[in-house]
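Observations on the model geometry
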Amino acid sequence: MRPARLLWATAALSAGLSGAVSAQDNCSADIDSNDAMQFDTDVMVVDSSCDEFSVNLTHSGELDRDVMGHNWVLSEADDVEGIAEDGIAAGLENNYLPPEDDRVIAYTEVIGGGEETSVTFDVNQLDPDTVYTFFCSFPGHSSVMRGTLSVE
Ligand code: CO
């Protein structure tokens, strides 16, 4: 996991410094999760030239989704705690998210070990001046499984 994290950080840094060509001109990002309750990256930068952005989530562990499930949820930073709390009551059948909650900007289903999923969302709905938070809404995971997403 460490090399992947370093690579990602380097790509984000060089994109920011050059200010022109993003390392992510394909308008998508891959992120892996595991049985140790971890994402393999905590920074995502979306190129502002993208109309849509896709996040491809994989779970390289072996545990089932009801034990060590992971999803990828995007919201404003101040909404994370509330969404995660309400998500517990919503249960796994709702991907641990309050149904049709306006605070949730984008989300994937909850997956277990060996599974993968993805979500595509409209970049134009994001404010370039806001640093958003992505997280896993499985009960107890959001405090450690989280990162930032911004548009540059
Ligand atoms: Co999780």
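In this report, the structure presented in the accompanying data block is examined.

About the thresholds
- Residues numbered from 1 in each chain as written.
- Predicted model: local features only at pLDDT ≥ 70, side-chain atom pairs only at ≥ 80, totals over all residues.
- Heavy atoms only, no water.
- Helix = DSSP H or I, 4+ residues; strand = E, 2+ residues; numbered from the N terminus.
- Buried < 20%, exposed > 50% of the residue type's maximum accessible area, 1.4 Å probe, protein only.
- Areas by Shrake-Rupley, 256 points an atom, 1.4 Å probe, with all protein chains shown as cover.
- Donors = N, O, S within 2.8 Å, 3.2 Å for Na, K, Ca; no water.
- Tetrahedral: all angles 85-135°; square planar, octahedral: opposite > 155°, others 65-115°.
- Pairing = 2+ DSSP bridges.
- Salt bridge = Lys/Arg side-chain N within 4 Å of Asp/Glu carboxyl O.

Now for the overall build of the protein. Looking only at helices and strands, the protein has three helices and eight strands in total. Moving toward the C terminus, one meets the helices and strands of the protein in the order α-β-β-β-α-β-α-β-β-β-β. For the protein, the proportion of its 152 residues judged to be buried stands at 46%. Accessible surface, the protein as shown: approximately 7,900 Å² in total, 48% of it carbon and sulfur.

On to the coordination of the cobalt ion, then. Protein coordination of the cobalt ion is provided by Gly-69 (O), His-70 (ND1), Cys-136 (SG) and His-141 (ND1), with donor distances spanning 2.1 to 2.7 Å. Of note is the cobalt ion, whose four donor atoms meet at the metal with angles of 75 to 130° in an arrangement that counts as irregular. All donors to the cobalt ion come from one chain, and their sequence spacing reads G-H-x65-C-x4-H. Highlighted residues: His-70 in the loop between helix H2 (65–68) and strand E4 (73–76) and His-141 in the loop between strand E7 (132–135) and strand E8 (146–151), separated in sequence by 71 residues. His-141 carries the same exposure label as His-70, and that label is buried.

This part is about the pairing of strand E6 (residues 116–122). Walk down a regular strand and you will see the side chains alternate between the two sheet faces. Judged by which residues are buried, E6 turns out to be one-sided: Thr-117, Val-119 and Phe-121 face inward and are buried, whereas Glu-116, Ser-118, Thr-120 and Asp-122, on the alternate face, are not. Of the pairings in the sheet, the one linking strand E3 (residues 52–59) to E6 comprises seven bridges and is antiparallel in character. Across the sheet, Thr-58 pairs through a bridge with Glu-116, a residue of E6.

Phi is positive for Tyr-96, which is not a glycine, with a value near 55°. With relative accessibility at 11%, the residue Tyr-96 sits in the buried group. The backbone of Glu-100 shows a phi angle near 50°, a positive value even though the residue is not glycine. Following the sequence through the fold, Glu-100 ends up in the loop between helix H3 (80–90) and strand E5 (106–107). With a relative accessible area of 83%, Glu-100 lands in the exposed category.

Here we take up the pattern of salt bridges. Summed over the entire model, instances satisfying the criterion amount to three salt bridges. Taking the shortest distance from any N to any O, the salt bridge between Arg-103 and Asp-86 comes out at 2.8 Å. Residue Arg-103 is located in the loop between H3 and E5, and its partner Asp-86 is located in helix H3; the two are separated by 17 residues in the primary sequence. The class of Asp-86 is partly exposed, set by a relative accessible area of 37%. A salt bridge links Asp-101 to Arg-103; its shortest N-O distance comes to 2.7 Å. With a relative accessible area of 16%, Asp-101 lands in the buried category. For Arg-103, a relative accessible area of 25% corresponds to the partly exposed category. Through salt bridges with shared partners, a single ionic network connects Asp-86, Asp-101 and Arg-103.

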